[in-house]
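One letter stands for each residue in the lines below.
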Amino acid sequence: MAKEKRFVKLYTQGSLEVNEIWVDTQTGVNYLFHCAGYAGGLTPLLDRDGKPVVSSQSELEDL
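Cut-off values and rules
Residues numbered from 1 in each chain as written. Predicted model: local features only at pLDDT ≥ 70, side-chain atom pairs only at ≥ 80, totals over all residues. Heavy atoms only, no water. Pairing = 2+ DSSP bridges. Helix = DSSP H or I, 4+ residues; strand = E, 2+ residues; numbered from the N terminus. Axes fitted to C-alpha atoms, helices over the stretch in contact; angles between N-to-C directions. Phe/Tyr/Trp six-rings, centres within 6.5 Å; stacked < 30°, edge-to-face > 60°. 1 Å grid on protein atoms, 1.4 Å probe; cavity = no way out; pocket = protein on both sides within 12 Å on 5 of 7 lines; lining within 4 Å. Points joined across faces, edges and corners; volume = space filled by probe spheres on them. Nonpolar A, V, L, I, M, F, W, Y, C, P; charged D, E, K, R; others polar.

An order of S1-S2-S3-S4 is seen for the four strands of this open sheet, with the pairing classed as antiparallel. Across the chains shown, the open sheet's two edge strands, defined by having one partner strand only, are strand S1 (7-13) and strand S4 (39-44). Each adjacent strand pair in this sheet contributes to an overall mean axis angle of 20 degrees, direction not counted. Of the pairings in the sheet, the one linking strand S3 (residues 30-36) to S4 comprises six bridges and is antiparallel in character. Across the sheet, residue Ala36 finds its bridge partner in S4, namely Ala39.

Below, the structure written as structure tokens:
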């Protein structure tokens with residue numbers, strides 16, 4: 001039985017300095033991942049009001 005992936009990459013940009021957007025398929029929360037060289041960081045993606053960006057259930061079903 002194949003296990004469903006919890007995190008799915010939605011977007012990637014760059015090669016040496018990389019920006020990626022990942023979504024948690026269980027909560028719908030979107031995360032921004034940035035890495036440059038050997039350093040990297042992950043943070044929730046926020047909207048203009050400072051609230052986390054959450055994908056709707058219909059968007060998650062399309063993944």
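Moving on from the coordinates now.
Under the defined criterion, the tally for this structure stands at one aromatic pair. Where Phe7 meets Tyr31, the ring centres are 6.3 Å apart and the plane angle is 65 degrees; that geometry is what we call edge-to-face. A residue pair is termed long-range when its members are at least 10 positions apart, and Phe7 in strand S1 and Tyr31 in strand S3 qualify at 24 residues.

In this section: the layout of surface pockets. Approximately 200 Å³ is the volume attributed to the largest pocket. If you go around the largest pocket, the residues you meet are Glu4, Lys5, Arg6, Val8, Thr25, Gln26, Gln57, Leu60 and Leu63. When grouped by side-chain class, the residues that make up the lining of the largest pocket number three nonpolar, three polar and three charged.

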